[in-house]
Amino acid sequence: MRRLGTGIGWRPEIADAVERMPGIDWVEAVSENLCPGHLPESLLRLRERGVTVVPHGVSLGLGGAERPDAGRLAALAGRAEALGSPLVTEHIAFVRAGGALTASPHLEAGHLLPVPRTRDALDVLCENVRIAQDALPVPLAVENIAALVAWPDEELTEGQFLYELADRTGARLLIDVANLHTNHVNIGADPAEALGELPLEAIAYVHVAGGFERDGVWHDSHAHPVPRPVLDILTDLASRVAPPGVLLERDENFPGAGELAAEVAAIRDAVARGRAESGEPAGREASVARAAPPEANAADHAVRQRLGLAQAALLSALVAGAPAPEGFDRVRLGVQARALAGKRADVVAKVAPELPVILGPAYRPAFLAYARGCPMGAGYRRDALDFAERLLSADAGPAAEDAGVRRELREWWLERSGPVPRSRRPGVRWARATRRVLLRR
């Protein structure tokens, strides 16, 4: 595996700081936020300097019951080619459920949800990873995720699940030590045990991120400083093998350039401590030959359907108010459901920043009330339009109680709900205004 070194997650908000930060060998960018024909100038400048850029996908849903979408795979492949990346990465998670496989409504989570660690789920995941590998021009590495809830009756530990996945597919692993800490706090998974069961030679690189604890639940926020327990897990990992790459993730609440640089330095120190404990040179990495993965049988329709029904039941409980499936912790499901609704409100506010401006302080409570009865089915942009439409048709709420809010919200919705944006030419705008007056009369 190619050595990457020390990196940081590239985000538009910190692009200037990343470009100026010394000692950054590579960056990672969220694939879905990039357009191959219109790459950000900052990323292009980094590429010209020889900085490696890795696209990191969040929407494939490799752990879902359905086979990976060909269009999403093609988009990820296009970004890897445009960036000249040595690999691409995705998550061991499901992000949607329902649809034709289960004869139930299609639901989007807007979040990475855990895959049950069962033999059925592993069979489906392995086949989905193989499909993705065949469609991508470069190697694929898959990431362990953070979980607030645990599936009942699991058959494998996290380490065993990841080991078998790597062994059966030949895929590389992106190990997120912050997610190992999250799962330790939330579901009692032992990080040291997981590391001890991993095929260390399969590690492509490592993620490090911050979070916070509230009421005994650890939230993997990527918006807080990296805590000491996460750095300690990184040191433990580095004492076992020199990771080819280590990267700091930060997605919100961005600090100044100095604080970011200090976090990167703390990550380097944690790796150096681990290498010192191992007694091996800091630059020496594992070079264990891996046999080609054996051919695997395709997961049959019945296996995919069973998994699909289970995932649809869980997602329905989280986003559509359905009863909690048997065996799940209802309190934890409530925490996860509120976290999903809050994240959904935050992302819609970024996708459609005019809505919080139009609605003011009423935006968030109105959106959370909408989210309780209206699960997302087609992405955040469609969600923003559906939210506005629901407010405009409601008998109560900010749009019904304030004529000015209603007028602005209606104009916003009309501007964005058609197949193309409405023309802003003066003559066309005058005609629209005249038509509105005549309709009111």
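Here's what I pulled together on the structure shown here. On a predicted model such as this, the values are computed, not experimentally measured, just so you know.

Reading the values: the criteria
- Sequence order as written defines the numbering, with residues in each chain counted from 1.
- The model is predicted, so local features are restricted to residues of pLDDT at least 70 and side-chain atom pairs to those at 80 or more, both for listing and for counting; the totals for chains, interfaces and linings are taken over all residues.
- Side-chain descriptors were evaluated using all non-hydrogen atoms of the structure, hydrogens and water having been removed beforehand.
- Secondary structure elements are taken from DSSP: a helix is a run of H or I of four residues or more, a strand is a run of E of two residues or more, and numbering for both begins at the N terminus.
- For a compact globule the rule gives 2.2 Å times the number of residues to the power 0.38, and the radius of gyration it is set against comes from C-alpha atoms.
- For every residue, the accessible area obtained with a 1.4 Å probe (protein chains only) is divided by the maximum for its type, and the residue is called buried under 20%, exposed over 50%, and partly exposed between those limits.
- Any two residues whose heavy atoms approach within 4.5 Å at even a single point are treated as in contact.
- Per-residue and other accessible areas were derived by the Shrake-Rupley procedure at a 1.4 Å probe size, with only the shown protein chains allowed to occlude residues.
- Working convention for charge: Lys and Arg count positive, Asp and Glu count negative, and His plus the chain ends are omitted.
- Think of each charge as sitting on NZ of Lys, CZ of Arg, CG of Asp or CD of Glu.
- Here the aromatic set is Phe, Tyr and Trp, taking the six-membered ring for Trp, and pairing holds for ring centres within 6.5 Å; pairs whose planes are under 30 degrees apart are stacked, those over 60 apart are edge-to-face, and all others are tilted.
- Strands are labelled as partners when DSSP assigns at least two bridges between them.
- Clockwise travel from the first strand over the helix to the second, with the strands pointing away from the viewer, marks a crossover as right-handed.
- Working definition: the arc comes from the directions between the helix axis and the C-beta atoms, pointing outward to the latter.
- Helix span, expected: 1.5 Å multiplied by one less than the number of residues in the helix.
- Only one rule defines a salt bridge in this text: a Lys or Arg side-chain nitrogen within 4 Å of an Asp or Glu carboxyl oxygen.

The next subject is the overall build of the protein chain. Summing up its helical and strand segments, the protein chain has 17 helices and 12 strands in all. Its C-alpha atoms give the protein chain a radius of gyration of 23 Å, within 12% of the compact-globule value 22 Å for 441 residues. Each of the three principal axes of the protein chain carries a C-alpha extent, and together these read 85 × 50 × 45 Å. With 441 residues in all, the protein chain has 51% of them scored as buried. Considering only contacts in the protein chain between residues 6 or more positions apart, those separated by 24 or more positions represent 75%. Counting only carbon and sulfur atoms, one obtains 52% of the accessible surface of the protein chain, whose full area is about 20,000 Å². For the protein chain, the separation between the mean place of its 51 positive charges and that of its 58 negative charges on side chains is 9 Å.

Within the structure shown, the criterion is met by seven aromatic pairs. Aromatic side chains Trp151 and Phe328 sit 5.2 Å apart centroid to centroid with 65 degrees between the ring planes, which places their arrangement in the edge-to-face category. One end of the pair, Trp151, is in the loop between β7 (140-143) and α5 (158-169); the other, Phe328, is in the loop between α10 (301-319) and α11 (330-351), and 177 residues separate them in sequence. Given the relative accessible area of 7%, Phe328 is considered buried. Seen from their ring centres, Tyr370 and Phe387 are 5.3 Å apart, and the 50 degrees between their planes marks the pair as tilted.

You can see Ser42 is positioned in helix α2 (residues 41-48). Apart from residues no more than four positions distant in its own chain, Ser42 is found in contact with Trp10, Ala15 and Glu19.

Structurally, Val246 is set in strand β12 (residues 245-248). Accessibility expressed as a relative area gives 6% for Val246, which makes it buried. Apart from residues no more than four positions distant in its own chain, Val246 is found in contact with Gly5, Thr6, Gly7, Trp26, Val206, Val208, Leu234, Ile267 and Val271.

Take the pairing of strand β1 (residues 5-9) next. Most of β1 is tucked away, with five of its five residues classed as buried. In terms of strand pairing, β1 meets strand β2 (residues 26-30) through three bridges, oriented parallel. Its bridge partner being in β2, Gly7 is matched across the sheet by Trp26. The handedness of the β1 to β2 crossover, carried by helix α1 (residues 15-20), is right-handed.

For helix α13 (residues 363-373), every residue scored as buried is listed here: Tyr363, Ala366, Phe367, Tyr370 and Ala371. Buried residues in α13, looked at end-on, bunch into an arc of 135 degrees, giving them a common side. α13 presents Pro365, Arg372 and Gly373 as exposed residues on the side facing more than 90 degrees away from its buried surface. Packed against the buried residues of α13 are α10, α11, α12 (354-359), α14 (380-393) and α15 (398-401).

This brings us to α5. A rise of 1.5 Å per residue sets the reference length of α5, with its 12 residues, at 16 Å; its end C-alpha atoms lie 17 Å apart and thus fit the reference within 8%. Listed in full, the buried residues belonging to α5 are Glu158, Gly159, Phe161, Leu162, Leu165, Ala166, Arg168 and Thr169. Packing partners of the buried residues in α5 comprise α4 (119-135), β7, β8 (172-176), α6 (177-187) and α7 (191-197). Among the residues trailing α5, Gly170 stands out with phi positive, at a value near 75 degrees.

Scanning the entire structure with this criterion turns up 17 salt bridges. Salt-bridge contacts for Glu108 lead to Arg96; the nearest nitrogen and oxygen are separated by 2.9 Å. Highlighted residues: Glu108 in strand β6 (residues 104-113) and Arg96 in strand β5 (residues 94-99), separated in sequence by 12 residues. Take Arg96: its relative accessible area is 18%, and that puts it in the buried class. Notably, a salt bridge pairs Arg119 with Glu164, separated by 2.7 Å at the nearest N-O pair. One end of the pair, Arg119, is in helix α4; the other, Glu164, is in helix α5, and 45 residues separate them in sequence. Accessibility expressed as a relative area gives 38% for Arg119, which makes it partly exposed.

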